[in-house]
Amino acid sequence: MKVNKMNRPNEGIKCMVNTCHYYMSGDYCSAEKIEVTPRNASDSQDTDCATFIPEDQAQGNM
Ligand code: SF4
């Protein structure tokens, strides 16, 4: 899911994935919105942020 990257943190999200295109220092996410999958997860370990894009991959697309 390709979403808008804001120039400020999304205050509702704390994220530590510092290899993500949307990551902001201070453990913030600058994505306008995120999508979390999968349906029917039974544990937090089962869930993933589907909005994640690796920083190196994003640079080629911008
Ligand atoms: S898009 Fe997902 S993985 Fe990337 S910074 Fe935001 S919450 Fe973290």
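Here the structure is a predicted model, which is why all the values come from computation and not from measurement.

Okay, the site of the ligand next. In the neighbourhood of the ligand, the contacting residues comprise Ile13, Cys15, Val17, Cys20, Tyr22, Tyr23, Cys29, Ala31, Ile34, Cys49, Thr51 and Phe52. Residues of the shell around the ligand, tallied by class, amount to eleven nonpolar, one polar and no charged.

Our next topic: the environment of methionine 24. Tracing the backbone shows methionine 24 in strand S1 (residues 23–24). Take methionine 24: there are 19 C-beta atoms within 10 Å of it, and that puts it in the partly exposed class. A C-alpha to C-alpha distance of 9.8 Å links methionine 24 and lysine 14, two positions ten residues apart in sequence. Discounting residues that sit within four places of it in the chain, methionine 24 has contacts with Pro9, Cys29 and Ser30.

This next bit is on the environment of valine 3. Note that valine 3 resides in the segment before S1. Judged by C-beta crowding, with 14 C-beta atoms within 10 Å, valine 3 ranks as partly exposed. Spatially, the C-alpha atoms of valine 3 and glutamine 45 are 24 Å apart, while their sequence positions differ by 42 residues. Those residues in contact with valine 3 that lie beyond four places of it in its chain are Ala31, Glu32, Lys33 and Thr51.

Locating threonine 19 in the fold gives a position in the segment before S1. Those residues in contact with threonine 19 that lie beyond four places of it in its chain are Pro54 and Glu55.

Let us now look at unusual backbone geometry. Of note, the amide linkage connecting threonine 37 to proline 38 takes the cis form, showing an omega dihedral of 0 degrees. Its identity as a non-glycine residue notwithstanding, aspartate 27 has a phi of 65 degrees, on the positive side. One non-glycine residue, asparagine 40, lies in positive phi territory at about 70 degrees. Relative to the assigned elements, asparagine 40 resides in the loop between strand S3 (36–37) and strand S4 (48–49).

Reading the values: the criteria
- Residues numbered from 1 in each chain as written.
- Predicted model: local features only at pLDDT ≥ 70, side-chain atom pairs only at ≥ 80, totals over all residues.
- Near = placed C-beta within 6 Å.
- Nonpolar A, V, L, I, M, F, W, Y, C, P; charged D, E, K, R; others polar.
- Helix = DSSP H or I, 4+ residues; strand = E, 2+ residues; numbered from the N terminus.
- Buried ≥ 20, exposed ≤ 12 C-beta atoms within 10 Å, placed from the backbone.
- Contact = placed C-beta atoms within 7 Å.

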